[in-house]
Amino acid sequence: MSKAVIAGYVRSPFHFAGKGALTKVRPDDLSATVIKGLLEKTGVKPEDIEDLVLGCAFPEGEQGLNVARLIGMIVGLPQTVAGATINRFCGSSMQAIHLAAGAIAMGAGQAFICAGIESMTRVPMMGFNPMPNPALAEKVKAAYMSMGETAENVAKKYKISRKEQEEFAVRSHRLATAARQAGKFTDEIIPIPAGKENVVSDGCIREETSMEALAGLKPAFDEKGSVTAGTSSPLTDGASACLVTSEDYAKANGLKVLARIKSSAVVGCAPEIMGIGPVAATERALKRAGLTIKDIDIIELNEAFSSQAIACMRDLKIDLEKTNLDGGAIALGHPLGATGARITGKAAALLKRESKQFALATQCIGGGQGIATILEAA
Amino acid sequence: MTIQKACVVGAGVMGGGIAAQIANAGVPVLLLDIVPKDAADRSIVAKGAIDKLLKADPAPLMSRAAAKLITPGNIEDDLGQLAEIDWIVEAIIERVDLKQDLYRKLDAKRKKGSIVSSNTSTIPLAQLIAGLPETFARDFCITHFFNPPRYMRLLEVVGGPKTRADAIKEISAFGDVMLGKVIVHAKDTPGFVANRIGVYWMQAAVTATLDLGLTVEEADAIMGRPIGAPKTGIFGLLDLVGLDLMPHVDKSMAASLQPDDPYVKLRRDWPLLNKMIADGYTGRKGKGGFYRLNTEGGKRVKESIDLKTGTYAPSTTARLESADAAKGGLKVLVSHKDKGGQYAWSVLSRLLTYAASLVPEIADNVVEVDQAMKTGFNFKRGPFEMIDQMGAAWFVERLRAEKMGVPKLLESAAKAGGFYKVDGGRLNYLGTDGAYHAVERGDGVLLLSDIKLTAKPILRNGSASLWDIGDGVACLEFHSKMNALDSDSLGLLKQALDHVGKKMKALVIHNEAENFSVGANVGLALFAANVALWPMIEDLISQGQAVMKAMKYASFPVVAAPSGMALGGGCETVLQSSAVQAHAETYIGLVEVGVGVVPGWGGCKEMLLRNQPGPRDPKGPMPPVAQAFETISLAKVAKSAAEAKELKFLRPTDGITMNRDRLLADAKARALKMLADGYQPPKPAELRLPGPTGKTGLNLAVHGFALQGKALPHDVVVSDALAEVLSGGKTDHTETVTEDHVTKLERAAFMKLVKTEGTLARMEHMLTTGKPLRN
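Values in this document were obtained by computation on a predicted structure and should not be read as measured data.

K.L.:
How would you summarise the overall build of chain A if you had to cite specific residues and measurements?
P.N.:
Scanning chain A for helices and strands turns up 12 helices and 12 strands. Based on the C-alpha atoms only, the size of chain A along its principal axes is roughly 55 × 50 × 45 Å. Across chain A, contacts joining residues at least 24 apart in sequence account for 82% of those joining residues at least 6 apart.

K.L.:
Help me get a handle on the overall build of chain B, residues and values and all.
P.N.:
Scanning chain B for helices and strands turns up 33 helices and 27 strands. Taking 28 Å as the expected radius of gyration for a compact globule of 775 residues, we find that chain B reaches 28 Å, a close match to that expectation. When its C-alpha atoms are laid out on the principal axes, chain B stretches across 85 × 65 × 65 Å. When each of the 775 residues of chain B is scored for burial, the buried share is 50%.

K.L.:
An account of the domain arrangement of chain B is needed here, citing residue identities and associated values.
P.N.:
How big an interface is tends to be expressed through the accessible area that disappears when the partners come together. Residue and element names in this part refer to chain B. What the domain assignment reports for chain B is domain 1 (6-186), domain 2 (194-406) and domain 3 (448-600 + 635-682). For domain 1 versus domain 3, the separation of C-alpha centres amounts to 38 Å. Broken down by element, the residue count for the side of domain 1 that touches domain 3 peaks at 3 residues, all from helix α7 (residues 165-178). Residues of the side of domain 1 that touches domain 3, tallied by class, amount to 7 nonpolar, 3 polar and 1 charged.

K.L.:
Go over helix α18 (residues 383-390) of chain B with me, naming the residues and quoting the values.
P.N.:
Every α-helix winds through 3.6 residues per turn, so residues three or four apart in the chain are directed the same way. All names here are of chain B. Of all the 8 residues making up α18, 6 are buried; the element is thus mostly covered by neighbouring parts of the structure. Buried residues of α18: P383, F384, E385, M386, I387 and D388, and no others. Following α18 by one or two positions, G391 adopts a phi angle in the positive range, close to 100°.

K.L.:
Kindly report on the sheet that holds strand β19 (residues 506-509) of chain B, identifying the contributing residues and their values.
P.N.:
All names here are of chain B. Taken in spatial order, the 7 strands of this open sheet run β15-β16-β17-β19-β21-β23-β25, and their pairing is mixed. On the outer flanks of this sheet lie β15 (459-460) and β25 (655-657), each paired with one strand and no other. One ladder, built from 2 bridges, connects strand β21 (residues 558-560) with strand β23 (residues 579-583); its direction is parallel. By the bridge assignment for β23, A560 is matched with V580.

K.L.:
Describe the interface of chain B and chain A, listing the residues and the values that go with them.
P.N.:
The partner chain A presents 15 residues to the 16 residues of chain B that form the contact. Looking at the side of chain B that touches chain A, the elements that each hand over two or more residues are α27 (622-633) and α30 (692-708) of chain B. Considering every element that reaches the side of chain B that touches chain A, the biggest residue donor is α30 of chain B, with 9 residues. Of the residues belonging to the side of chain B that touches chain A, the class tally is 8 nonpolar, 8 polar and no charged.

K.L.:
A description of the nonpolar core should follow, citing residues and the corresponding values.
P.N.:
Burial of nonpolar side chains together is a common tendency in soluble globular proteins. Core analysis: the biggest nonpolar cluster contains 234 residues, and V29, L31 and V508 of chain B have the highest contact counts within it. Of the residues forming this core, the biggest block, 10 residues, is contributed by helix α8 (residues 194-212) of chain B. For V29 of chain B, the residues in contact, after removing those within four places along its chain, are A6, C7, V8, A19, I22, A23, L69 and I70 of chain B. Counting residues in hydrophobic clusters, the runner-up holds 121 residues, among them A151, I205, A239 and I299 of chain A.

K.L.:
So what's going on with the packing of α30 of chain B against helix α31 (residues 713-726) of chain B? Residues and values would help.
P.N.:
Residue and element names in this part refer to chain B. Orientation of α30 relative to α31, taken along the N-to-C sense of each, is 160°, at an axis distance of 9 Å. By the criterion of interaxial angle, the relationship of α30 to α31 is roughly antiparallel. With respect to the hand of their crossing, α30 and α31 are arranged in right-handed fashion. Listed contacts from α31 to K695, L698, N699, V702 and A706 of α30 are V716, S719, D720, A723 and E724.

K.L.:
I'd like a rundown of the sheet that holds strand β10 (residues 301-305) of chain B, residues and numbers included.
P.N.:
Two pairing modes exist for strands in a sheet, parallel and antiparallel, and in both the strands are linked by backbone hydrogen bonds. Residues and elements named next belong to chain B. Read from one edge of the open sheet, 3 strands run β9-β10-β11, paired in antiparallel fashion. Only two strands of the sheet have a single neighbouring strand rather than two, namely β9 (291-294) and β11 (312-314). The mean inter-strand angle of the sheet, taken between neighbouring strand axes irrespective of direction, is 40°. Relative to β10, β9 is paired through 4 bridges, and the arrangement is antiparallel. Its bridge partner being in β10, R292 is matched across the sheet by E303.

K.L.:
Requested: an account of the packing of helix α23 (residues 522-530) of chain B against helix α33 (residues 757-769) of chain B, with residues and values cited.
P.N.:
Residues and elements named next belong to chain B. At a minimum axis distance of 10 Å, the contact between α23 and α33 shows a crossing angle of 135°. Taken together, the axes of α23 and α33 are oblique relative to one another. Seen along the crossing, α23 lies across α33 with a hand that is left-handed. Only L760, M763, E764, M766 and L767 of α33 make contact with α23, whose side of the interface consists of V522, G523, A525, L526 and A529. Looking at the contact of α23 with α33 residue by residue, the class counts come to 8 nonpolar, 1 polar and 1 charged.

K.L.:
Before we move on, can you summarise the pairing of strand β6 (residues 140-145) of chain B with the specific residues and values?
P.N.:
All names here are of chain B. By the criterion of burial, β6 is predominantly enclosed, with 6 of the 6 residues buried. Side chains F140, I142 and H144 project from β6 onto one buried face, and the interleaved C141, T143 and F145 project onto a second face that is buried too. As judged from the 3 bridges shared by strand β5 (residues 115-118) and β6, these two strands associate in the parallel manner. Across the sheet, V116 pairs through a bridge with F140, a residue of β6. Both β6 and strand β7 (residues 154-159) contribute to a ladder of 5 bridges, which runs antiparallel. Pairing of I142 across the sheet is with V158, part of β7.

K.L.:
Tell me about the environment of L54 of chain A, residues and numbers included.
P.N.:
Residue and element names in this part refer to chain A. Summarising the element assignment, L54 is placed in strand β3 (residues 51-55). Each C-alpha atom, one on L54 and one on I86, is 5.8 Å from the other, the two residues being 32 residues apart in sequence. Apart from residues no more than four positions distant in its own chain, L54 is found in contact with S31, V67, A68, I71, T85, I86, A96, A115, G116 and I117.

K.L.:
I'd like a rundown of the environment of G728 of chain B, residues and numbers included.
P.N.:
Tracing the chain through its elements places G728 of chain B in the loop between α31 and β27 (737-738). What makes G728 of chain B buried here is the crowd of 26 C-beta atoms within 10 Å.

K.L.:
Quick rundown of helix α22 (residues 487-503) of chain B? Include the residues and the values.
P.N.:
Residue and element names in this part refer to chain B. The first and last C-alpha atoms of α22 sit 24 Å apart over 17 residues, in line with the 24 Å expected at 1.5 Å per residue. Taken together, the buried positions of α22 are S489, L490, L492, L493, A496, L497 and V500. Taken down its axis, α22 places every buried residue within 160° of arc, on the same side. The outward face of α22, more than 90 degrees from its buried face, is lined by the exposed residues K502 and K503.

K.L.:
Help me get a handle on unusual backbone geometry, residues and values and all.
P.N.:
That bond from N147 of chain B to P148 of chain B is cis: its omega, -5°, falls within 30 degrees of zero. Looking at where P148 of chain B falls in the secondary structure, it is placed in the loop between β6 and β7. In this structure, L65 of chain A is a non-glycine residue whose phi angle is positive, near 55°. As for its placement among the helices and strands, L65 of chain A is situated in the loop between β3 and α2 (67-75). Assessed through the 13 C-beta atoms surrounding it within 10 Å, L65 of chain A is described here as partly exposed. Positive phi is not limited to glycine here, since M482 of chain B has a value of about 55°. Tracing the backbone through its elements, the reader meets M482 of chain B in the loop between β17 (473-478) and β18 (484-485).

K.L.:
Report on the confidence of the model for chain B, specifying residues and quantitative values.
P.N.:
Of all residues in chain B, 100% have pLDDT values of 70 or greater, and the mean over the chain is 95. On the interface metric, ipTM, the complex scores 0.85, and its pTM is 0.89.

K.L.:
Please provide a residue-by-residue account of the environment of P652 of chain B, values included.
P.N.:
Residue and element names in this part refer to chain B. Mapped onto the fold, P652 is located in the loop between α28 (641-646) and β25. The class for P652 is exposed, based on 7 C-beta atoms found within 10 Å. When the C-alpha atoms of P652 and A642 are compared, they prove to be 9.6 Å apart, with 10 residues separating the residues in sequence.

Reading guide: rules and limits
Residues numbered from 1 in each chain as written. Chains lettered and ligands numbered in written order. Predicted model: local features only at pLDDT ≥ 70, side-chain atom pairs only at ≥ 80, totals over all residues. Helix = DSSP H or I, 4+ residues; strand = E, 2+ residues; numbered from the N terminus. Contact = placed C-beta atoms within 7 Å. Rg over C-alpha atoms; globule rule 2.2 N^0.38 Å. Buried ≥ 20, exposed ≤ 12 C-beta atoms within 10 Å, placed from the backbone. Domains from an automatic or database assignment. Nonpolar A, V, L, I, M, F, W, Y, C, P; charged D, E, K, R; others polar. Pairing = 2+ DSSP bridges. Core = buried A, V, L, I, M, F, W, Y, C linked by C-beta atoms within 7 Å. Axes fitted to C-alpha atoms, helices over the stretch in contact; angles between N-to-C directions. Parallel < 35°, antiparallel > 145°, perpendicular 65-115°, else oblique. Left-handed = near helix turned anticlockwise from the far one by under 90°. Expected span 1.5 Å × (residues − 1). Arc of directions from axis to C-beta. pLDDT = per-residue confidence, 0-100.

Put into structure tokens, the structure is as follows:
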């Protein structure tokens, strides 16, 4: 049985929803451009691809129907390449990678495109027709709780001060700024045509941000709370994609392998503190890999909010120095369905770039879940 | 030729404002200014002006779409575009040499026969065209707008001896119909009409204050509402317009008037004013003026200046018997013995005599002068209407008794019995020839006040009347206090529907008050609630729903013609009419949540219908509900008729009239056109609403706002009731509901809310303070 490997990672530039450079780009077109970029960059033979597995958190409107199949047609993939749209909210495209790895393990395919998409401009969070179940809303108060409120709950429960959250946010912007200036994103970003423009660079990074600037913001979700827009990931438009193949296929076809997938996990948690989801998921994935957190060299921990990222690091005893080396979602943006493939692909790429052995990619998921992937150097 | 495209040169406050109003009329306008030295963007001045227009408050633009009709440019690169421009307005600095330089440049490039006008307020037309080609002089006139151009209704048009008569006609028609202005044809004399008299008034008001030793509070207590001037009075007005403007205006007036002009004799240097300006006390835009807010020690204390010492002390309320007595009329005021009465007489005797001495020097007749003061200085009555109110004969007698001069025109008015007379159902004015002439209303102007001069109402009660406005069309007029709607207003609407159904062809709902209607009478509801007369409140809701329904489904067209505020029940009346012809300055909104209730006369239902998705909108049961919820729960009020279309209070097909005086005629024409097109009442609509899931969804959103502190505890209560109505109660999106189903929910929600403490507190607060309570 052959292990699954990550043999390519790309993404679009990430831009603010509603006001950024990608507001006029349809999500299906955005994803298709990124996938074309992945095919060119990896040189994988399209006819060998079993399935296009696409994560999306609000699969309706322009992200509706089975948009994965439609994107395959836009890309011009051979008809034989299947397509499935997967929803695990923020964990959707990491789940796409897990599905591919599982299929490879059972011999049900040798090459998969695992992509993610979210235009938070063109399909609003909550969708066009939010229709919660009244009885459930009554029974489980947190079932439909807003993410901001859960971030406040975590900040309160873990006693994470506003200042700590802001330091973390400033760090994210600082690292993202440095990475961009050093050209560390050029390898992963696929330029996106948007009208007459060609969008080549990220739009959410605030190079000038400072503790003073963040201190001036009002709480975003609870007037008495500590979470601000500055310590939350922004609403973002973006797409990402990874090529996941069997190790044998990669070798046979001369693909450049970034990392091997060692283990994975998903686990549920209390919805009102959904941000803590990565803790249980990471513990479970580490156990499956036979590793401890100390063995991990590279960590991509999604920054939905400063508060939840700090809480997870505390519980998991994660070393900040190993975490989010090129900045995280607070600076880069968090296009829900696209984040999972971004941080998993990024962790794989960093493993190679930094010549390290083990990496972890993990994220929290609305509704109360965590998801984690452990990678090892191939 | 009609004006299809305009150009404004000079992108300052006036130029920008004029361009905005032209754009508000839907006419494309080029806005030009100079190229600043070393500018990277050569049109930066005009572009900056457009940015300012978008941010200014009160808004010069009626919609964002209007902003797109303004194209910025500069006078070096863009004069080529003048080839397509029908009217060029110059609004640059008041210097003859610069203006003439510009005119030569414009003349070289402008379209043949295009009209050029100046917005000058101080330079005579004769000077502006001196030495310019005859062909230019023929096409040139003065168009003097007042600031801010969107809101001030006066437009003085001044032609010279060489100006083509049809150019004046063309500009006057455009100013009237398209820009909504009251046109006053002024002669080429200093200050034209409004400033000539208005500046004299200000000078006289200040001088008399000093001579009689009044405080600023006392002067303003008389020189405002009691005489029919804006409530700021004189010193408050000076603070508003800026003290530093006054020396300029005074200098220009004194220099251009004849030495024996009463203004020149009246004016005097006023060291305190100069000192205040030098010290930065230029009015509200500066450190303060005659009044200031002292914020020392963290408190906000309103202070007034002592006109003798120039020091400030906390303001006091002026106690003048004459100010209260003024309710009895101007004659009572000026006859009062206290210093307020003396002050009023001192100013008005001079002012009104001066005005009477200036006809026909500054304008052909008294009507033009009265219009200019009413629309340029916001006087309630013009000078000649003021004289008529006192009685011209009485006024002249007192002038004589006090050995004051009596101008010839005033003398003839005293003999004839006033400046105005109603004769043969028409309003007439006294001409300089000593004879009465009909006050001419332009084509397409129909005023209810003219009809009311002689006609008797078809129906009438304390809150509303029904008038015959000809051609089988009736006009329902609300006339309760602030046009708050009560059982009588609704009762008369019902009677009007019955009457028109039997005996006439169409109904227009219109009135000439400041506001169309501020909504249901909250005082009545609160009174009934305080004594637990719940059935009385529920009856009023039911009555309103029944009348609105009868109106919506009447067999004839009912055209609402609102101007000013149309809030709450007033908005619901507009929403449920067959069509709307709205004045451009109409402010529509469903503001019921401000008093803790939901729209109960069909407003919720109509907003659900109005927000049904168009072909390009997202489908499903929630978007219309969410949209209506947002509009109503935030009590959004459209700041113009154009914005009312964006907020869906008006339909895309509803009409907008720029000139308020044309509103009734336009509405009547619309009703007749609908009849001619074979009017059919609408078919009752069915709605597909989400039911409980929708309410849960909306409440989740409100919960978030409550956490953020944006929704207060009683907002959550009111929103919950509103969500129940808009989501359709116990329905399901597989089913449809009728309009009646929704109005029934409105009624239930209203009755539930009106029994809560929070709602009663909101109502009481609104009645006592005029402002919504946040609780």
